[in-house]
Amino acid sequence: MYDPGQLRTFLAVAQTLSFTQAARRLGLRQSTVSQHVRRLEDATARTLFTRDTHSVELTPDGEAMLGFARRILEVHEQAAAFFTGTRLRGRLRFGASEDFVLTRLPEILEAFRVEHPEVDLELTVELSGTLHEQLDAGKLDLVLAKRRPEDPGGQSVWHDRLVWIGSERLRIDPERPVPLIVYPPPGISRALALEALERHGRAWRIACTSGSLNGLIAAARAGLGVMAHSRGLIPPGLVRVPDRAGLPELGEVDFVVRGAAERGPGAVLAQAILGGGERLHRAAG
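Residues numbered from 1 in each chain as written. Predicted model: local features only at pLDDT ≥ 70, side-chain atom pairs only at ≥ 80, totals over all residues. Heavy atoms only, no water.

A. Representation of the nonpolar core within the structure. Formed by 41 residues in total, the largest nonpolar core has its most connected members in Phe94, Leu144, Trp164, Leu180, Val226, Leu269 and Ile273. Elements with a minimum of two residues in this core: β3 (90-97), α5 (105-115), β5 (142-147), β6 (155-166), β7 (178-182), α7 (188-200), β11 (252-258) and α9 (265-275). For this core, the leading source of residues is α7, giving six residues. Ignoring sequence-local partners within four residues, the contact set of leucine 180 consists of Trp164, Leu194, Leu197, Trp204, Arg205, Ile206, Ala207, Cys208 and Val226. With 20 residues, the next largest nonpolar core counts Leu7, Ala23, Leu40 and Val56 among its residues. (Core = buried A, V, L, I, M, F, W, Y, C linked by side-chain atoms within 4.5 Å. Buried < 20%, exposed > 50% of the residue type's maximum accessible area, 1.4 Å probe, protein only. Helix = DSSP H or I, 4+ residues; strand = E, 2+ residues; numbered from the N terminus. Contact = heavy atoms within 4.5 Å.)

B. A look at the environment of valine 163. Looking at the element boundaries, valine 163 is found in strand β6. Valine 163 sits in the buried class, given a relative accessible area of 4%. It is 9.4 Å that separates the C-alpha atoms of valine 163 and proline 248, two residues lying 85 residues apart in sequence. Here valine 163 is in contact with Met227, Ala228, His229, Arg231, Ile234, Arg240 and Leu250, once residues within four sequence places are set aside.

C. Main features of the pairing of strand β8 (residues 204-209). Sheet analysis places β7 next to β8, joined by five bridges and oriented parallel. Across the sheet, the residue bridging to valine 178 is tryptophan 204, located in β8. Running through α7, the crossover from β7 to the neighbouring parallel element β8 is right-handed. (Pairing = 2+ DSSP bridges. Right-handed = clockwise from strand over helix to strand, strands pointing away.)

D. Highlighting helix α3 (residues 30-44). For α3, with 15 residues, the first-to-last C-alpha span of 21 Å sits near the 21 Å given by 1.5 Å per residue. Of all the residues in α3, the buried ones are Val33, His36, Val37, Leu40, Glu41 and Thr44. Buried residues of α3, viewed axially, fall in a sector of 130°; they line one side. Turned more than 90 degrees away from the buried face of α3 sit Ser31 and Asp42, all of them exposed. Once α3 ends, the next one or two residues include alanine 45, with phi positive near 60°. (Expected span 1.5 Å × (residues − 1). Arc of directions from axis to C-beta.)

E. View of unusual backbone geometry. Geometrically, the link from proline 185 to proline 186 is a cis peptide bond, its omega value of 5° lying close to zero. Position of proline 186 among the secondary structure elements: in the loop between β7 and α7. At leucine 17, a position not held by glycine, the phi torsion is positive, near 50°. A positive phi angle is found at alanine 45, which is not glycine, with a value near 60°. Since its relative accessible area comes to 64%, alanine 45 is described here as exposed.

Everything listed here is a matter of geometry and, on its own, says nothing about what the molecule does.
Below you can see the structure in the form of structure tokens.
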């Protein structure tokens, strides 16, 4: 028997690769997170993480435990809902950044719809900046979106670095303004790209603007310019721009869920997203 609380802690550490971030996500002390992982390792008689002062990594046994932990918790929650007789009802206005269109988010939403058929789920796909604004204005109940690491609020699904991407055939001329492919304001990746170039003193021009991720990808594949994008979500057909192009570092972003109440449809969907965070790194296929 594996303790569900320990399994949830294990998943949080596996998704963030940080005991500190896992503790912050779960609202626990870091010592409690370490204790949960140690007890789970004792129960399995296996080492699930390799860790030192600088990094945390899953071992092969830890990778295997990921799938088991997720399935155990899913069945545990289904059994608890069945025997308590609780059924979720109502409307949930959920907003997701277009960054997740090509990931396995639809699978998480489909599982939620199947398990909670009496919840009317309304999905809005928008720029992260717009989603945060709509949540703050009370137009959405829950959002999954990018956020600058220094910005407050939200539960971290994962932390990533922004990188420059473009067509493999694209060559950046250091004597000419950098051709940019960007979302319109208030896109977070757009703002970070412009700020980085301004700090670096590098001239730039807008080669393409689109509110659609598919539009940006098409422009990038056509070689119109470069775009700032999450390192973990690089679309097929595009590659990181090599360092020799001399483009500045873009910094980091957090992908967070915001707006979840303590209970109800929003809380349940938020937990499903947090529990399945590693699936959002993988392309849908």
